[in-house]
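# Architecture at a glance
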Amino acid sequence: MPLNIVLIEPEIPNNTGNIGRLALGSGSNLHIVKPLGFEITDARLKRAGLDYWQHLSVTYYDNAEAFFNKNQGKNMAFLSSKGAKNHWDIPFEDDMFLIFGKESVGLAPEIIEANTERLFKIPLYSEHVRSLNLANAVSIVIYEGLKGMNP
Ligand SMILES: C[S@@+](CC[C@H](N)C(=O)[O-])C[C@H]1O[C@@H](n2cnc3c(N)ncnc32)[C@H](O)[C@@H]1O
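So, here is what we can say about the structure in this document. (Residues numbered from 1 in each chain as written. Predicted model: local features only at pLDDT ≥ 70, side-chain atom pairs only at ≥ 80, totals over all residues. Heavy atoms only, no water.)

We now examine helix α5 (residues 134-146). In this model α5 runs 18 Å from its N-terminal to its C-terminal C-alpha over 13 residues, within 8% of the 18 Å that 1.5 Å per residue would give. Within α5, burial applies to Leu134, Ala135, Ala137, Val138, Val141, Ile142, Glu144, Gly145 and Leu146. For α5, the elements touching its buried residues are β1 (3-8), α1 (13-26), β4 (76-79) and β6 (96-100). For α5, the N-terminal capping position is held by asparagine 133, with its side-chain oxygen 2.8 Å away from the main-chain nitrogen of alanine 135. Glycine 148 sits one or two positions beyond α5 and adopts a positive phi of about 85°. (Helix = DSSP H or I, 4+ residues; strand = E, 2+ residues; numbered from the N terminus. Expected span 1.5 Å × (residues − 1). Buried < 20%, exposed > 50% of the residue type's maximum accessible area, 1.4 Å probe, protein only. Contact = heavy atoms within 4.5 Å. Polar contact = N/O pair within 3.5 Å; in protein donor to acceptor, adjacent residues only side chain to side chain.)

What follows is the structure, encoded as structure tokens:
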């Protein structure tokens, strides 16, 4: 499995369901950091992707600290519209962790501040759009990373 998708405190079940489907289709692992804004059995999650859930490699963490403790030393990139570098400059490599924030407020300020050197943005070309939908952002980044990789 080449890439790891990390969702920190996702709030919208349709997004997580779609990202689960994307994870499976792209050969990626999914990591979900609690608390979640929904029950994992939510009907909207099921509609969006739960039919595939049994086949998915998914790991849950009680909180962000537990995630970072368990994955110390892993190569990580953090995704935020506040990033200075573009997502196509992420130094993708096998087993890399790609970290995404929650729908309402994105990544916590302390996570951003601790990782400014590896904070990447998907460039947006309209002043009227401040950020992309979470599932769309994950799709863009994962398939950029898969260029040249064989999952
Ligand atoms: C809906 S956005 C969060 C919006 C939030 N108001 C903010 O300012 O970060 C949810 C997540 O999608 C990812 N995302 C959305 N648009 C992005 C962009 N243009 N560049 C990088 N990541 C983005 C980030 O991981 C973000 O934390």
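Not every one of the 20 residues close to the ligand is listed here, only the nearest: Leu79, Gly101, Gly106, Ile122 and Leu132. A distance of 2.7 Å separates an oxygen atom of the ligand from a polar atom in the backbone of leucine 79. In this structure, serine 104 approaches the ligand through a main-chain N or O atom, which is 3.4 Å from a nitrogen atom. The protein chains hide 89% of the 560 Å² of surface that the ligand would expose on its own. The cavity where the ligand resides is the largest pocket. Within the residue set of the shell around the ligand, elements represented by two or more residues are β7 (119-121) and α5. Across the shell around the ligand, the residue classes tally to 10 nonpolar, six polar and four charged. (Near = heavy atom within 4 Å. Areas by Shrake-Rupley, 256 points an atom, 1.4 Å probe, with all protein chains shown as cover. 1 Å grid on protein atoms, 1.4 Å probe; cavity = no way out; pocket = protein on both sides within 12 Å on 5 of 7 lines; lining within 4 Å. Sits in = over half its atoms within 2 Å of the grid points. Nonpolar A, V, L, I, M, F, W, Y, C, P; charged D, E, K, R; others polar.)

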